[in-house]
Amino acid sequence: MAEEVMLLDFWPSPFGMRVRIALREKGVDFDLREEDLSNKSPLLLEMNPVHKQIPVLVHSGKPVSESLVMVQYIDETWGGRSPLLPSDPYERARARFWADYVDKKVRLGRMVWLSTGEAQEAAKEEYIECLKVLEGELGDKAYFGGERFGYVDVSLIPFYSWFYSLEESANFSIAEECPKLVAWAERCMQRESVAKSLPDQYKVHNFLLELKKKLQAQ
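Thresholds applied
Residues numbered from 1 in each chain as written. Predicted model: local features only at pLDDT ≥ 70, side-chain atom pairs only at ≥ 80, totals over all residues. Heavy atoms only, no water. UniProt positions renumbered as here; feature names shortened; annotations may be inferred. Axes fitted to C-alpha atoms, helices over the stretch in contact; angles between N-to-C directions. Helix = DSSP H or I, 4+ residues; strand = E, 2+ residues; numbered from the N terminus. Left-handed = near helix turned anticlockwise from the far one by under 90°. Contact = heavy atoms within 4.5 Å. Nonpolar A, V, L, I, M, F, W, Y, C, P; charged D, E, K, R; others polar. Polar contact = N/O pair within 3.5 Å; in protein donor to acceptor, adjacent residues only side chain to side chain. 1 Å grid on protein atoms, 1.4 Å probe; cavity = no way out; pocket = protein on both sides within 12 Å on 5 of 7 lines; lining within 4 Å. Points joined across faces, edges and corners; volume = space filled by probe spheres on them. Salt bridge = Lys/Arg side-chain N within 4 Å of Asp/Glu carboxyl O. Buried < 20%, exposed > 50% of the residue type's maximum accessible area, 1.4 Å probe, protein only. Pairing = 2+ DSSP bridges. Right-handed = clockwise from strand over helix to strand, strands pointing away.

- Under an unreviewed UniProt entry, the name given to the protein is glutathione transferase, and the source organism is Rhodamnia argentea.
- Quoted verbatim from the Catalytic activity (unreviewed entry) field of the UniProt record, the comment on the protein reads "RX + glutathione = an S-substituted glutathione + a halide anion + H(+)".
- Here the protein is described in UniProt, under the heading Subcellular location (unreviewed entry), as follows: "Cytoplasm, Cytosol".

Right, dumping it as structure tokens:
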């Protein structure tokens, strides 16, 4: 199956991590192609001509883009094992709502490590508030969907790999602000699919430091 399923990706991308986790949850073998985003491959440009971005899932020569769309596609295509979306229509709608919330809000973390001074403080407060909303939805459950690891967990857990860098850049502790959310993340990290898909947080931090220098130089 490895020759049928290919993932065009870049290792620190949380959006690519989502797809890797979903594929591994389903036990799908895939060919991981690391992209150089400063010199995008002809294959990437061919497979995602609209956005020209990673990640892109290529299944039997057919491309699928946008990470949450890919996770849903994976769940529907390899539906027999480890279902990610609930079977109940209402619960499925709720899962999609919260995954959409993650997409719109958690990426605010980018502003935390890019900004300084008052702007950074405001971004940090907004980011923490977003995490607290998610923690409230999680409540005392093991996972967002209850006892089973699922769609919302897949959508959010990749951003855990960026937590250390955000804490270092803005001098705060996510564990102190959102202890239940961090406990959930540590629980997720015990899953093989997640542990294999998320890079080391210190490696991510060093990457983001270098990226910040380049952006500031521009």
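Quick word on the packing of helix α6 (residues 117–138) against helix α8 (residues 163–170)
For any two helices packed against each other, one specifies the inter-axial angle together with the distance between the axes.
No. 1: Their axes nearest at 11 Å, the elements α6 and α8 cross at an angle of 145°. With respect to the hand of their crossing, α6 and α8 are arranged in left-handed fashion. Contact with α6, carried on its side by Q120, K124, Y127 and L131, involves F163, L166, S169 and A170 of α8 and no other residues of that element.
No. 2: The residue makeup of the contact of α6 with α8, split by class, is 5 nonpolar, 2 polar and 1 charged.

Observations concerning the packing of helix α3 (residues 67–77) against helix α4 (residues 89–105)
No. 1: One can describe the packing of α3 onto α4 by two numbers: an axis separation of 11 Å at closest approach and a directional angle of 150°. Touching L68, Q72 and E76 of α3 are R96, A99, D100 and D103, all from α4.
No. 2: Class assignment for the residues of the contact of α3 with α4 results in 2 nonpolar, 1 polar and 4 charged.

Topic: the side chain of K124
No. 1: Here K124 lies in helix α6.
No. 2: In this structure the side chain of K124 is engaged in a polar contact, spanning 3.3 Å, whose partner is the backbone oxygen of A170.
No. 3: With sequence-adjacent residues up to four places away left out, K124 is seen in contact with V112, A170, N171 and F172.

Concerning the layout of surface pockets
Unfilled space is identified by rolling a water-sized probe across the atoms.
No. 1: In this structure, the largest pocket spans a volume of roughly 1,000 Å³.
No. 2: Counting residues per element, the ones that place at least two in the lining of the largest pocket are α1 (14–25), α3, α5 (109–114) and α12 (201–217).
No. 3: Looking at which element gives the most residues to the lining of the largest pocket, the answer is α12, with 3 residues.
No. 4: For the lining of the largest pocket, the per-class residue count stands at 16 nonpolar, 8 polar and 7 charged.
No. 5: Looking at the second largest pocket, its volume works out to about 350 Å³.
No. 6: As for the second largest pocket, its lining consists of 19 residues, of which P86, E91, A95, F144 and G145 are closest to the centre.
No. 7: Take the lining of the second largest pocket: its biggest share by element is 4 residues, from α4.
No. 8: Across the lining of the second largest pocket, the residue classes break down as 10 nonpolar, 3 polar and 6 charged.

Some details on the pattern of salt bridges
No. 1: One pass over the structure, following the stated rule, counts 12 salt bridges.
No. 2: K180 is the partner of D140 in a salt bridge, and the nearest nitrogen-oxygen pair spans 2.7 Å. Separated by 40 residues along the polypeptide, D140 in the loop between α6 and α7 (151–156) and K180 in helix α10 (residues 179–189) bring together distant segments of the chain.
No. 3: Classification of D140 by relative accessible area gives exposed; the value is 71%.
No. 4: One salt bridge connects E192 with K196, and the closest N-O pair in it is separated by 3.1 Å. This pair shows no difference in class: E192 is exposed, exactly as K196 is.

Focus on the pairing of strand β1 (residues 5–9)
No. 1: Extensive coverage of β1 is indicated by the burial of 5 of its 5 residues.
No. 2: With burial as the criterion, each face of β1 is covered, one bearing V5, L7 and D9 and the other bearing M6 and L8.
No. 3: Where β1 meets strand β2 (residues 31–34), 4 bridges bridge the pair, whose relative direction is parallel. Its bridge partner lying in β2, L8 is registered against R33.
No. 4: Handedness of the crossover joining β1 and β2 through α1 is recorded here as right-handed.

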